[in-house]
Amino acid sequence: MNTPNDTAARRNPGVSGMSLYVPRPRVSLRDWCEWTGNSWDKVQAVVGRSFRQPAPYEDAYTMAATAVLRLIQQYNIDPRNVGQLALGTESSKDNSAGAVIVRGMVDRELERLGLPRLSRQMEVPEFKHACLGGVYALKSALRYVAFDANGRQAIVVCSDIAAYERGSSGEQTQGAGAVAMLVEAQPKLFEVDLAHAGSASDFRGPDFRKPLLRYFHQEYGQRHRRLHDFPIFSGKYSTFAYLDEVGQATDAMIQRLGVSDLAFLDGAGGLFFHRPYHMMPLQALAFIYARALARAPQPNADFQALCEQAGVSPEGVIAECRNTPDLFGEFLSQGAHAEAPQDAHPLTTKLSGVARKSPAFQQLLATRVNLGTDWAMELGNLYTAALPAWIAAGFEQALENNVEWTDAKLYAIGYGSGDASEAIPLRVVPGWREAAAKIGFRTALAESTDLTREQYEAMHDGQDVALDCPPVNQFVIARTGDTYEAAFQDLGVDYYEFAQ
Ligand SMILES: CC(=O)CC(=O)SCCNC(=O)CCNC(=O)[C@H](O)C(C)(C)COP(=O)(O)OP(=O)(O)OC[C@H]1O[C@@H](n2cnc3c(N)ncnc32)[C@H](O)[C@@H]1OP(=O)(O)O
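Predicted model only: the values in this text are computed from it and were never measured.

Peer 1: How do you make sense of the UniProt feature "domain: Hydroxymethylglutaryl-coenzyme A synthase N-terminal" (unreviewed entry) in the protein when you look at a structure like this?
Peer 2: On the UniProt side, "domain: Hydroxymethylglutaryl-coenzyme A synthase N-terminal" (unreviewed entry) is annotated at positions that read residues 11-184 here. Taken end to end, residues 11-184 is 34% helix and 25% strand, and its first and last C-alpha atoms sit 11 Å apart.

Peer 1: What is the right way to read the environment of Leu-371 from this model?
Peer 2: As for its position among the elements, Leu-371 is in the loop between helix H14 (359-369) and helix H15 (373-376). Its relative accessible area of 18% is what places Leu-371 among the buried residues. For the pair formed by Leu-371 and Ala-45, sequence separation is 326 residues and the distance between their alpha carbons is 17 Å. Leave out the neighbours within four places in its chain, and Leu-371 touches Phe-272, Trp-390, Gly-394, Gln-397, Ala-398, Asn-401, Val-403 and Trp-405.

Peer 1: Which parts of the structure should I look at to understand the pairing of strand E4 (residues 82-88)?
Peer 2: Consecutive residues of a regular strand have side chains that alternate between opposite faces of the sheet. Of all seven residues in E4, seven are buried; the element is thus mostly enclosed. Sheet analysis places E4 next to strand E6 (residues 153-162), joined by six bridges and oriented parallel. Bridge assignment links Gln-84 to a residue of E6, and that residue is Ala-154. Relative to strand E5 (residues 126-127), E4 runs parallel, the two sharing two bridges. Directly across from Gly-88, in E5, lies its bridge partner Phe-127. Remark: the E4/helix H4 (residues 99-112)/E5 crossover connection has right-handed handedness.

Peer 1: Any chance you could explain the site of the ligand here in plain terms?
Peer 2: Looking at the ligand, there are 25 residues lining it, with Lys-42, Ser-169, His-274, Asn-381 and Ser-417 nearest. At 2.6 Å, a side-chain N or O of Lys-42 approaches an oxygen atom of the ligand. Between a nitrogen atom of the ligand and a side-chain N or O atom of Ser-238, the distance comes to 3.0 Å. Of the residues forming the shell around the ligand, the biggest block, four residues, is contributed by helix H7 (residues 235-257).

Peer 1: Help me understand the packing of aromatic side chains, please; the structure alone is not making it clear to me.
Peer 2: The description of an aromatic ring pair uses the distance of the two centres, along with the angle that the planes make with each other. Using the criterion set out here, one finds 16 aromatic pairs in the structure. A centroid spacing of 5.3 Å and a plane angle of 75° characterise the contact between Phe-272 and Trp-390, whose relative ring orientation is edge-to-face. Of the two residues, Phe-272 sits in strand E12 (residues 270-273) while Trp-390 sits in helix H16 (residues 386-400), which places them 118 residues apart along the sequence. You'll find Phe-272 and Trp-390 in the same group, each marked buried. Here the aromatic rings of Trp-375 and Phe-441 are separated by 5.7 Å at their centres, their planes lie at 15°, and the arrangement is stacked. With Trp-375 in helix H15 and Phe-441 in helix H18 (residues 441-446), this pair connects stretches of sequence that are 66 residues apart.

Peer 1: I'm lost on the pairing of strand E7 (residues 175-184) in this one. Help?
Peer 2: Taking burial as the measure, the ten residues of E7 include ten buried ones, the bulk of the element. Neither face of E7 is left uncovered, since the one carrying Gly-175, Gly-177, Val-179, Met-181 and Val-183 and the one carrying Ala-176, Ala-178, Ala-180, Leu-182 and Glu-184 both have all their residues buried. Where strand E1 (residues 14-21) meets E7, seven bridges bridge the pair, whose relative direction is antiparallel. Opposite Val-15, over in E7, you have Val-183 as the bridge partner. As paired strands, E6 and E7 are joined by nine bridges and run antiparallel to one another. Residue pairing in the sheet places Cys-158 in a bridge with Val-179 of E7.

The rules behind the values
Residues numbered from 1 in each chain as written. Predicted model: local features only at pLDDT ≥ 70, side-chain atom pairs only at ≥ 80, totals over all residues. Heavy atoms only, no water. UniProt positions renumbered as here; feature names shortened; annotations may be inferred. Helix = DSSP H or I, 4+ residues; strand = E, 2+ residues; numbered from the N terminus. Buried < 20%, exposed > 50% of the residue type's maximum accessible area, 1.4 Å probe, protein only. Contact = heavy atoms within 4.5 Å. Pairing = 2+ DSSP bridges. Right-handed = clockwise from strand over helix to strand, strands pointing away. Near = heavy atom within 4 Å. Polar contact = N/O pair within 3.5 Å; in protein donor to acceptor, adjacent residues only side chain to side chain. Phe/Tyr/Trp six-rings, centres within 6.5 Å; stacked < 30°, edge-to-face > 60°.

Now the structure itself:
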């Protein structure tokens, strides 16, 4: 069936350019496995190859500002024409201001370069919902250019630091970086079909959170060497929550598209998910694929064969497709100190584990998921920036591989713990190659210096470390204010500068 988005003449607003910034200090996961006694075989299959460690002079705002400046320069944007700068992050250091801090840095550097500042009439909102904040920021920017921009553009920047305690199961899934996107009414890279996007949310309690109260808890402070941003998280529960929510949002999108689950997968030219680590999107796609088979007209030979192989009842999997689990309700009903809820779709999980190895699924991966994957495996978890970074990598690699992508239907499936998900249809627009050629993903990745174990551990613990990679062409924290007088206060306020 044709959707309004199938009419090539009509363009939705979308994205015209992308840029990436990642810190130079890099931890090779192969080295990390040697330091920690973890299995490199498992980590390279499940997590990836490396992650970036932010230097002591950077934070979510410096990374965001560097990405925004790159975007402006790479796409020759007139800063006076930018009417919204939307920041998606869960690594804010300031509970009051957000995107305006980023604009402050960018304005000063533009001025030094002899360029005009960003528009004085620009909106500067910040969006927070775990890793989904960037998608909500993008939706805001799209609505802005569609409704009240009057020809002006918007910039979305997603910037985050994923830090986990050393020795925790999350340590391997760290990362840091920022992605900026230029949003326009007539996009040059891909259009975004919000009218057919699917949304889902459900409160999941302590799945993955960063309560400020934890800083004041005696136990928490004593266990670590510095004040840090390590989340409260429960690994398996967070994985179940991801799969369930992503499934709900994808169902909502498929329903709005008016196609069958299998037709949606067949028609996709590329599928991009929030990727906390390499295997998570594969698990999510296998979950969606298993449900698509279960929802196909029965009997379906592929479905029956896979169920038999997995040792699960087909009727049981079909019944689980109608499941809308209340994970937090289940947790609450067990009273205080309950264990994390168990998998709400055990049969589908078992089936998708087997389906993942099937030739049909491997074909799905090779044709819909592989673009950009290899580069994304270098990045670790970038939280809000993880999904846009993968999309940016996908476009640059599609360009390098000379892929015929014009008019391809892509799908961006975002997720934020706590939790919420968005499943959004995109379409590659004619002329995308010119815009993709300016992304600079490979160049941004190339700027790296591998850390030794001593350097990594000291940086992670917040100690001063001599690095062989001084900051170049990026914003840095120059100093932090310490005045706390009646007449003037800047205690804890960072001052930034551009390191040339
Ligand atoms: C944080 C966000 O950004 C928001 C989210 O998306 S939440 C969802 C993801 N959660 C997180 O990222 C939280 C932080 N990270 C973590 O908790 C952990 O790193 C993690 C749970 C992701 C992995 O921890 P772990 O202890 O290595 O998990 P473990 O269960 O041993 O192994 C994971 C998978 O690798 C598989 N595996 C093990 N060895 C393997 C090998 N050699 N080759 C291939 N696969 C292998 C396991 O079978 C398992 O798969 P299944 O779940 O399908 O059984």
